[in-house]
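Residue-level structural notes
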Amino acid sequence: MLKNDQVIATYWLETAFSLEKACEIIVSEQSTGTFLPLPNETDSLKQKHRAQILSIQELESSPFPSLPGAKVPSGSKGEFRRGIVKIAFPYANIGPSIPNLLATVAGNLYELEELSGLRLLDLELPLSFQDRYEGPQFGISGTREITGVHGRPIIGTIIKPNIGLATEQLRLIVRELALSGIDFIKDDEVHGNPPYAPIAERIKVVMEEIERAADRTGKKTMYAFNITDDIDPMMRHLENVVKAGGNCVMVSINSIGFAGLVHLRKNAPVCIHGHRNQWGMMSRYPYLGMSFAAYQKLCRLAGVDHLHVNGLNNKFYEDNASVVDSVRACMTSMFDPSDTVLPVLSSKQWAGAAPETYRTLGTVDLMNIAGGGIHGHPDGPGAGFRSLVQGWEAALEGIPLHLHADKHPELKQALAAFS
């Protein structure tokens with residue numbers, strides 16, 4: 001059971017020193033110590049504020065360091081030891097603060113010359129973090145309530161081309177998609193507030209089309225406007241979305257930072273769609289950075305309702321096992337079930353991917369968004385949306401895609417075009 005007076009960080013580390021020595025260096029660097037003893041580092045101070053090594057699990061060793069600049073002790077045979085370690089940091093050193101938490105559990109650790117590799121794998125946080133941070137406002141159940149989608153994934157798309165469309169071109173695309181009954185549309189992460197198509201203008205035309213379609217169909221599409229910006233303009237963008245009747249905003253989490261996300265959550269009466277672009281900088285090299293297990297907890301605490309996790313068989317470096325773990329992490333409660341978030345599958349998504357996705361993930365509590373898989377449909381994006389719905393119908397009913405396609409022309413065309 002996690003003590004309320006501790007933050008526990010789990011690391012993978014590599015060192016030419018003993019694992020015990022490396023852990024002691026981490027403990028000293030990130031709590032009470034420095035490179036030599038000081039008079040004020042008293043026993044009573046260390047008892048209250050010094051981090052503690054909880055466990056060390058030794059793994060295989062490597063003949064080569066994973067990172068440059070690694071220090072090797074004299075007499076070393078060039079063996080670099082690897083292990084999984086847990087270190088407890090006193091909550092009294094940090095308080096309920098994500099920025100100060102990161103300064104403690106990451107901070108200067110990645111620069112230490114005694115470490116030739118380091119990755120933050122997980123975080124266990126005391127209940128005081130739940131008290132301090134609001135977490136998801138809508139999450140899975142709230143997003144389903146707003147979109148009116150139950151029993152299948154929430155299906156959506158990204159505006160394509162992702163950048164360069166004039167505002168009136170955007171209007172026509174949104175019109176077709178909204179009239180088709182699509183659940184969700186979002187701006188691309190590179191489309192924020194460009195001079196040729198300012199977000200204030202886009203909000204106006206998009207919401208005109210969404211409201212007009214809702215009057216005809218009875219369904220109001222959720223649209224995630226990319227309001228990523230410096231804090232003051234970001235909050236003005238939010239205000240414009242809310243005034244226009246919008247129900248979702250999107251931010252690039254790593255661009256605005258966790259403190260920016262927390263500020264947005266405190267002021268946003270709408271869903272927050274969290275995009276993790278730049279994530280590869282933190283994660284692609286396996287012997288450096290942070291795992292998604294740790295990252296997504298911070299995103300959820302800060303207040304996202306939806307969080308990107310990549311997609312199966314995606315166009316990026318990430319393998320399917322990692323995507324599966326990411327989906328499960330988003331749906332595993334930290335403190336109580338209300339803090340789970342909706343995993344967002346994207347990248348190379350289309351109707352034909354639904355059966356494998358369902359078999360592999362075993363859940364419909366997903367947002368499944370497709371760019372080319374919807375916009376590239378031979379009969380247009382509206383048909384592309386319907387084909388994705390039909391693909392999920394086949395998956396959920398256990399019907400082979402080709403048989404279901406015999407009665408559903410949009411799916412049949414998608415299979416012919418994309419297979």
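Data block above holds the structure.
Treat the numbers as computed from the prediction; the structure is a model and nothing was measured. In this numbering scheme, every chain counts its residues from 1 along its sequence in written order. In view of the model being predicted, local features appear only for residues whose pLDDT reaches at least 70, and side-chain atom pairs are presented and counted only at 80 or more, with totals across whole chains, interfaces and linings using the full set of residues. Hydrogens are left out, water is left out, and the side-chain values use all remaining heavy atoms of the structure.

Turning our eyes to something else, we now look at the side chain of T10. To qualify as a helix, a DSSP run of H or I must reach at least 4 residues; to qualify as a strand, a run of E must reach at least 2; elements of each kind are numbered from the N terminus. Along the chain, T10 turns up in strand 1 (residues 6–15). In this structure, T10 is in contact with I84, V85, K86, R119, L120, L121 and D122, ignoring residues within four places of it in sequence. We call two residues in contact when some of their heavy atoms are within 4.5 Å.

Together, I163, V190 and Y196 make up an exposed nonpolar region whose accessible area comes to about 260 Å². Positionally, I163 belongs in the loop between strand 5 (154–158) and helix 6 (167–179). Residue I163 is classed as partly exposed on the basis of its relative accessible area of 39%. Like charges within 9 Å and nonpolar side chains (Val, Leu, Ile, Met, Phe, Trp, Tyr) within 5 Å are joined into patches, using only residues over 30% in relative accessible area that form no salt bridge. Using a 1.4 Å probe, the Shrake-Rupley method yields the accessible areas, and only the shown protein chains count as cover for residues. The term salt bridge refers to a pairing of a side-chain nitrogen on Lys or Arg with a carboxyl oxygen on Asp or Glu at a separation within 4 Å. Relative accessibility under 20% of the residue-type maximum defines a buried residue, over 50% an exposed one, and the middle range a partly exposed one, all with a 1.4 Å probe and only protein chains included.

Attention now goes to the pattern of salt bridges. Summed over the entire model, instances satisfying the criterion amount to 25 salt bridges. For R81, the salt bridge is made with E79, and the minimal N-O distance between the two is 3.7 Å. The class for R81 is partly exposed, based on a relative accessible area of 27%. For E168, the salt bridge goes to R171, with nearest N and O atoms at 2.8 Å. With E168 and R171 both in helix 6 and three residues apart, this pair spans about one turn of that helix. Several salt bridges share partner residues, and in doing so they unite E168, R171, R175, K204, E208, E209 and R212 into one network.

Attention shifts here to the pairing of strand 7 (residues 222–226). Among the five residues of strand 7, five are classified as buried, and the element is accordingly described as predominantly covered. Pairing between strand 6 (residues 184–186) and strand 7: three bridges, direction parallel. By the bridge assignment, I185 is partnered in strand 7 with Y223. Crossover strand 6 to strand 7 through helix 7 (residues 199–217) is right-handed. Whether two strands pair depends on DSSP finding at least two bridges between them. In this structure, strand 7 lies alongside strand 8 (residues 248–252), joined through three bridges in parallel fashion. The residue of strand 8 that forms the bridge with A224 is C248. Every crossover in which the path from the first strand over the helix to the second runs clockwise, viewed with the strands pointing away from the viewer, is termed right-handed. What joins strand 7 to strand 8 is helix 8 (residues 231–243), and the crossover it makes is right-handed.

Turning to unusual backbone geometry, a few remarks are in order. A cis amide bond links K160 with the next residue in sequence, P161, at an omega value of -5 degrees. Among the secondary structure elements, P161 is positioned in the loop between strand 5 and helix 6.

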